[in-house]
Amino acid sequence: MVPIEEIYNNYYTDLYRYVFALSKNAHIAEDITQETFMKAIKAVDRFKGDCDIRVWLCQIAKNTYFTYVKKQKRETTEPDEMLTERASDHDFVKDTVDREQAMKIHQLVHNLSEPYKEVFNLRVFGELPFREIAVIFGKTESWARVTYHRARLLIMNEMEELS
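Just so it is clear, the model here is predicted, and its values are computed rather than measured. Note on numbering: residues in each chain are counted from 1, in written sequence order. Totals for whole chains, interfaces and linings use all residues, but because this is a predicted model, local features are given only for residues with pLDDT of at least 70 and pairs of side-chain atoms are given and counted only at 80 or more. Just so you know, side-chain values use all the structure's heavy atoms and leave hydrogens and water out.

Draft legend 1. The arrangement of helix α7 (residues 130-137) in detail. Throughout this description, buried means an accessible area under 20% of the type-specific maximum (1.4 Å probe, protein chains only), exposed means over 50%, and partly exposed covers the range between. Put simply, DSSP H or I for four residues or longer makes a helix, DSSP E for two residues or longer makes a strand, and each gets a number counted from the N terminus. Buried within α7 we find F130, I133, A134, I136 and F137. The buried residues of α7 occupy an angular sector of 160° when projected down its axis, which confines them to one face. G138 occupies a position one or two residues after α7 and carries a positive phi of about 70°. What the arc measures is the spread of directions leading from the helix axis to the C-beta atoms.

Spelled out as structure tokens, the structure:
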């Protein structure tokens, strides 16, 4: 296994750019990147090598960032605002249908194999350009485009089968 210091030195910049693309905030990106490496240190003995280290770190960073965002939303949302969000039954039904659709898509994305899953997540949720996705994987930009479009096609086909 590669020592964590070597992982830190080799992947810090790429991971910071990834988190910055998610957050659009340098301070948050720095904090999340540091926290990601702290989590990686604790979990390095469980890393099985079934994906690239860079992808593994990006997954940790993505989970850390989304946990951070959820925590921020909870802290800023007042209880009264939460009650008035669902103004009518129609909105509640619409939200429920959207949530169910989102859960189906999330499950389909989760079931994709690597690298389709991670490229799709980086493109859609991380809003990274194909050029940056290619850098993360050490591949070409065209590889990133093709991989994303294949993942998208797999998800669309599965959605059609479910309908």
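Draft legend 2. A look at the pattern of salt bridges. Think of a salt bridge as a Lys or Arg side-chain nitrogen and an Asp or Glu carboxyl oxygen that are within 4 Å of each other. Taken as a whole and judged by the stated rule, the model has 4 salt bridges. A salt bridge links E118 to K62, with the nearest nitrogen and oxygen atoms 3.9 Å apart. Of the two residues, E118 sits in helix α6 (residues 116-124) while K62 sits in helix α3 (residues 53-76), which places them 56 residues apart along the sequence. With a relative accessible area of 1%, E118 lands in the buried category.

Draft legend 3. Inspection of the packing of α7 against helix α8 (residues 141-162) at higher detail. At a minimum axis distance of 8 Å, the contact between α7 and α8 shows a crossing angle of 100°. Judged by the inter-axis angle, α7 sits roughly perpendicular to α8. Listed contacts from α8 to F130, R131, I133, A134 and F137 of α7 are E141, W143, A144, R145, Y148 and H149. Residue type decides the class: Asp, Glu, Lys and Arg count as charged, Ala, Val, Leu, Ile, Met, Phe, Trp, Tyr, Cys and Pro as nonpolar, and the leftover types, Gly among them, as polar. A breakdown of the residues in the contact of α7 with α8 according to their chemical character gives 7 nonpolar, 1 polar and 3 charged. An axis is simply a line fitted to the C-alpha atoms; with a helix, the fit covers only the stretch in contact. Between two such axes, the angle follows the N-to-C directions and lies from 0 to 180 degrees. Each angle gets one of four labels, with under 35 degrees taken as roughly parallel, over 145 as roughly antiparallel, 65 to 115 as roughly perpendicular, and the rest as oblique. Two residues form a contact once any of their heavy atoms are found within 4.5 Å.

Draft legend 4. Quick look at the nonpolar core. By convention a nonpolar core is built from buried Ala, Val, Leu, Ile, Met, Phe, Trp, Tyr and Cys residues, the set being connected through side-chain atoms within 4.5 Å. In terms of nonpolar packing, the biggest core is built from 39 residues, with Y18, L57 and I133 touching the most fellow members. Those elements that provide at least two residues to this core are α1 (4-23), α2 (26-43), α3, α5 (89-111), α6, α7 and α8. In this view, L57 contacts I7, Y11, L15, T36, F37 and A40; residues no more than four positions away in its chain are not counted.

Draft legend 5. Broad picture of unusual backbone geometry. Look at K24: it is not a glycine, yet its phi comes out positive at around 60°. Along the chain, K24 turns up in the loop between α1 and α2. The exposed category is assigned to K24, whose relative accessible area is 52%.

Draft legend 6. The arrangement of the environment of I7 in detail. By secondary structure assignment, the location of I7 is in helix α1. For the pair I7 and I53, spaced 46 residues apart in sequence, the C-alpha to C-alpha distance is 8.0 Å.

Draft legend 7. The arrangement of the packing of aromatic side chains in detail. For Phe, Tyr and Trp, where Trp contributes only its six-membered ring, two rings pair if their centres lie within 6.5 Å, and the inter-plane angle classes them as stacked under 30 degrees, edge-to-face over 60, or tilted in between. Applying the stated criterion across every chain, the model contains 7 aromatic pairs. Relative to F20, the ring of Y16 lies with its centre 6.2 Å away and its plane at 20°, an arrangement referred to as stacked. Of this pair, Y16 and F20 both sit in helix α1, separated by 4 residues, roughly a single helical turn. The partly exposed category is assigned to Y16, whose relative accessible area is 22%. Aromatic side chains F137 and W143 sit 5.2 Å apart centroid to centroid with 50° between the ring planes, which places their arrangement in the tilted category. What makes W143 partly exposed here is its relative accessible area of 22%. Ring-pair connections join several aromatic residues into one group, and the members of that group are Y12, Y16, F20 and F37. Geometrically, a charge over a ring is one whose NZ (Lys) or CZ (Arg) sits within 6 Å of the ring centre while staying within 35 degrees of the ring normal. Note that K139 overlies the ring of W143, its terminal NZ or CZ placed 5.6 Å from the centroid.

Shape descriptors only; they carry no functional weight alone.
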